[in-house]
Amino acid sequence: MKLLIVEDEQSLRETIEKYFTEEGSICEVCCDLKGALQKIAVYEYDCILLDIGLPDGDGFAILEYLKSSGKNECVLIISARNSLDDKIKGLNIGADDYITKPFHLAELKARLLAIFRRKTFGSNSLLNYKEISIDLSGRTVNVNDKEMTLTKKEYEMLLYFIANKGRVISKNAIAEHLWGDEMDMLDSFDFIYTHIKNLRKKLMELSGKDFFASIYGVGYKFI
Ligand code: CA
């Protein structure tokens, strides 16, 4: 999952970033409204964790921006305010859920996964695609009823391809989705080939099929 964490409280921002990075997500962070709007205008995220009280304005402006530009990111509001008005306002202008500080990271994760799952794959926590069956809560993958062992990156990559099945995905989009800001430091896409090669091989071993179509000069299609 690719996350944008918008939170001005440094320790909380870092705690959330560390937690989700260890879970295998790509996290980008912002500490104010202006920076968040800039990122959202350029990049795509699966979910945005959004603090409402920011130093240069309130987080509702981000929800309004997402709505007016037709973007479909999941938004989970994180707020110190416990007022019902804020909660209703946030949900009315497009937030998917709302969590009040202080909270446990495990609860934040559960809520986030629930909205992401609902929005991307429907309400079921078992995702099936042809011979592939993924348990989104347990993060386990079975192919033809045999368990497949994947690295965190390969798992994220598989979910990303299934969510975009049948569409041509550019190498750039894959890099941005799975490596985020880190990819600016890389000068080639060779590392993507390696990850795709490994995932492709593991899938072929268990299914006997090649799920990846290479589109010359463009990227890949999951079929
Ligand atoms: Ca704040």
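Residues numbered from 1 in each chain as written. Predicted model: local features only at pLDDT ≥ 70, side-chain atom pairs only at ≥ 80, totals over all residues. Heavy atoms only, no water.

Attention now moves to the coordination of the calcium ion. The protein atoms that coordinate the calcium ion are Asp 8 (OD), Asp 51 (OD) and Gly 53 (O), at distances spanning 2.2 to 2.4 Å. Within one chain, the residues donating to the calcium ion are spaced in sequence as D-x42-D-x1-G. With Asp 8 in the loop between strand S1 (2-6) and helix H1 (10-22) and Gly 53 in strand S4 (residues 53-54), this residue pair connects regions lying 45 residues apart in the sequence. (Donors = N, O, S within 2.8 Å, 3.2 Å for Na, K, Ca; no water. Helix = DSSP H or I, 4+ residues; strand = E, 2+ residues; numbered from the N terminus.)

Glancing now at the side chain of Lys 101. Following the sequence through the fold, Lys 101 ends up in the loop between strand S7 (97-100) and helix H5 (105-121). Under the relative-accessibility criterion, Lys 101 is labelled buried at 19%. Separated by 3.2 Å, the side chains of Lys 101 and Glu 7 make a polar contact. When near neighbours in sequence (up to four residues on either side) are disregarded, Lys 101 contacts Glu 7, Glu 9, Leu 12, Asp 51, Ile 78, Ser 79 and Ala 80. (Buried < 20%, exposed > 50% of the residue type's maximum accessible area, 1.4 Å probe, protein only. Polar contact = N/O pair within 3.5 Å; in protein donor to acceptor, adjacent residues only side chain to side chain. Contact = heavy atoms within 4.5 Å.)

Quick look at the packing of aromatic side chains now. Inspection of every chain in the model, using the stated rule, returns 10 aromatic pairs. For the ring pair Tyr 129 and Phe 211, a centre distance of 6.5 Å and an interplane angle of 50° mean the geometry is tilted. Of this pair, Tyr 129 sits in strand S8 (residues 126-129) while Phe 211 sits in the loop between helix H8 (190-207) and strand S13 (212-215), placing them 82 residues apart in sequence. For the pair Phe 212 and Tyr 220, a centre-to-centre distance of 6.5 Å together with 90° between the ring planes defines the contact as edge-to-face. The pair Phe 212 / Tyr 220 is uniform in exposure class, with both members buried. Taken together, the ring pairs connect Tyr 129, Tyr 160, Phe 161, Phe 211, Phe 212, Tyr 220 and Phe 222 into an aromatic cluster. Here the guanidinium or amino end of Lys 2 rests over the ring plane of Tyr 45, the centre of that ring lying 4.8 Å away. (Phe/Tyr/Trp six-rings, centres within 6.5 Å; stacked < 30°, edge-to-face > 60°. Lys NZ or Arg CZ within 6 Å of the ring centre and 35° of its normal.)

Our focus in this paragraph is the environment of Ser 170. Relative to the helices and strands, Ser 170 is located in strand S12 (residues 168-170). A distance of 3.0 Å separates the side chain of Ser 170 from the backbone nitrogen of Ala 173, its partner in a polar contact.

The subject of this paragraph is the pattern of salt bridges. Taken as a whole and assessed by the stated rule, the structure comprises 14 salt bridges. Its salt-bridge partner being Glu 22, residue Lys 18 comes within 3.4 Å of it at the nearest N-O pair. A residue pair is termed a helical-turn pair when its members lie 3 or 4 positions apart in one helix, as Lys 18 and Glu 22 do in helix H1 at 4 residues. On the accessibility criterion, Lys 18 (53% relative accessible area) is exposed. Lys 39 serves as the salt-bridge partner of Glu 28, at 3.1 Å between the closest nitrogen and oxygen. Remark: Lys 39 occurs in helix H2 (residues 33-42) and Glu 28 occurs in strand S2 (residues 26-30); sequence separation between them is 11 residues. As far as the burial class goes, Glu 28 and Lys 39 line up, both buried. Beyond isolated ion pairs, a larger network of salt bridges with shared partners links Glu 7, Glu 9, Asp 51 and Lys 101. (Salt bridge = Lys/Arg side-chain N within 4 Å of Asp/Glu carboxyl O.)

For helix H7 (residues 171-179), a buried count of 7 out of 9 residues is recorded, marking the element as mostly surrounded by other parts of the structure. Of the surrounding secondary structure, the elements contacted by the buried residues of H7 are S1, S2, helix H6 (152-163), S12, H8 and strand S14 (219-222). Positive phi shows up at Gly 180, right after H7, with a value of about 55°.

What follows deals with the domain arrangement of the protein. Partitioning the protein into domains gives domain 1 (2-121) and domain 2 (126-222). One C-alpha centre belongs to domain 1, the other to domain 2, and the line joining them spans 26 Å. Contacts between the two partners involve 13 residues from domain 1 and, on the opposite side, 16 residues from domain 2. Carbon and sulfur atoms supply 53% of the area buried between domain 1 and domain 2, which totals about 1,200 Å² over both sides. The largest share of the area that domain 1 buries against domain 2 comes from Lys 2, Ile 26 and Phe 121, three residues that together contribute 40% of it. Where domain 1 packs against domain 2, one counts 1 salt bridge. With a shortest N-O distance of 3.1 Å, Glu 176 and Lys 2 are connected by a salt bridge. Across the contact surface, domain 1 and domain 2 share 5 residue pairs in polar contact (both at pLDDT 80 or more). Put simply, the parts of the chain that give the side of domain 1 that touches domain 2 at least two residues each are S2 and H5. Broken down by element, the residue count for the side of domain 1 that touches domain 2 peaks at 3 residues, all from H5. (Domains from an automatic or database assignment. Buried area = accessible area lost by both parts, 1.4 Å probe.)

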